[in-house]
Amino acid sequence: MSDETIFTQIVAGEIPSYTVYEDETTYAFLDAHPLAPGHTLVIPKEPYERVNDMPPELAGHVFQTVSKVTEAVEHAVDAPATTIAFNNGEEAGQEVPHVHCHIIPQFSDSTAKPIHTLFPGADIADEEMEAIAEKIRSSQ
Ligand code: 5GP
């Protein structure tokens, strides 16, 4: 876990933010460089770096907050849909090493594409799919 991040400073009130939700363990605020009106970040207050670093109970609560705040964001900016995403690790483009879930409103005239367009696609044979699935099952 990082000691302090720009987001722990936001939680502590040392850096101003447009806070939209707070409870004992989670916090949500508007992204400073919004990709759409209402672009919101949901974080655990503790600075775990990646989603899979969080204890399961906290991860579950973060997702509850994501669900609750998403409903409010969609209502607030009259968005019929949202893209909800974590950049989970540096290679995935995570810049702030403190778990954060992006909630990005989407509108009928939005030019943003689904997340599938981020990847070129991978051609994987059935045997390899089964081998990967077995490794994932046995890694839990
Ligand atoms: P990442 O690329 O790590 O998934 O996203 C980090 C996000 O944090 C970016 O969208 C960026 O605009 C946002 N961000 C970075 N610094 C601040 C800040 O000081 N305040 C707020 N509200 N957002 C920030």
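Draft legend 1. Representation of the overall build of the protein. When you go through the protein residue by residue, the secondary structure sums to three helices and five strands. Listing each helix as α and each strand as β along the protein from the N terminus yields α-β-β-β-α-β-β-α. The principal-axis extent of the C-alpha atoms belonging to the protein is close to 50 × 40 × 25 Å. Counting over 140 residues, the protein shows a buried share of 31%. Across the protein, the fraction of contacts at a sequence separation of at least 24, relative to all contacts at a separation of at least 6, is 55%. On the protein, roughly 9500 Å² of surface is accessible, and the fraction owed to carbon and sulfur atoms is 54%. Looking at the protein, you have 6 positive and 24 negative side-chain charges, and the mean spots of the two groups are 4 Å apart.

Draft legend 2. View of the pairing of strand S5 (residues 101-106). A large share of S5 lies buried, amounting to six of its six residues. Burial along S5 is two-sided: the face carrying Cys101, Ile103 and Pro105 and the face carrying His102, Ile104 and Gln106 are both buried. Relative to S5, strand S3 (residues 40-44) runs antiparallel, the two being bridged by three bridges. Each residue of the ladder has a partner; that of threonine 40, found in S5, is isoleucine 103. Sheet topology places strand S4 (residues 81-85) next to S5; five bridges connect them, and they run antiparallel. Among the inter-strand pairings, isoleucine 84 is bridged to a residue of S5, identified as isoleucine 103.

Draft legend 3. Geometry of the side chain of aspartate 31. The residue aspartate 31 is located in the loop between strand S2 (26-30) and S3 in this model. For the buried aspartate 31, no salt bridge is present, and the opposite-charge side chain at shortest range is arginine 50, 19 Å distant. What aspartate 31 contacts, discounting residues up to four positions off in sequence, is His39, Thr40, Leu41 and His102.

Draft legend 4. Quick look at the packing of aromatic side chains. All chains considered together, the criterion is met by two aromatic pairs. With 5.3 Å between their ring centres and 70° between their planes, phenylalanine 7 and phenylalanine 29 make a pair best called edge-to-face. Of this pair, phenylalanine 7 sits in helix H1 (residues 6-11) while phenylalanine 29 sits in strand S2, and the two are 22 residues apart along the sequence. With a relative accessible area of 2%, phenylalanine 29 lands in the buried category. Among the aromatic residues, those joined into a cluster by ring pairs are Phe7, Tyr27 and Phe29.

Criteria and thresholds
Residues numbered from 1 in each chain as written. Predicted model: local features only at pLDDT ≥ 70, side-chain atom pairs only at ≥ 80, totals over all residues. Heavy atoms only, no water. Helix = DSSP H or I, 4+ residues; strand = E, 2+ residues; numbered from the N terminus. Buried < 20%, exposed > 50% of the residue type's maximum accessible area, 1.4 Å probe, protein only. Contact = heavy atoms within 4.5 Å. Areas by Shrake-Rupley, 256 points an atom, 1.4 Å probe, with all protein chains shown as cover. Lys, Arg positive; Asp, Glu negative; His and termini not counted. Charge placed at Lys NZ, Arg CZ, Asp CG, Glu CD. Pairing = 2+ DSSP bridges. Salt bridge = Lys/Arg side-chain N within 4 Å of Asp/Glu carboxyl O. Phe/Tyr/Trp six-rings, centres within 6.5 Å; stacked < 30°, edge-to-face > 60°.

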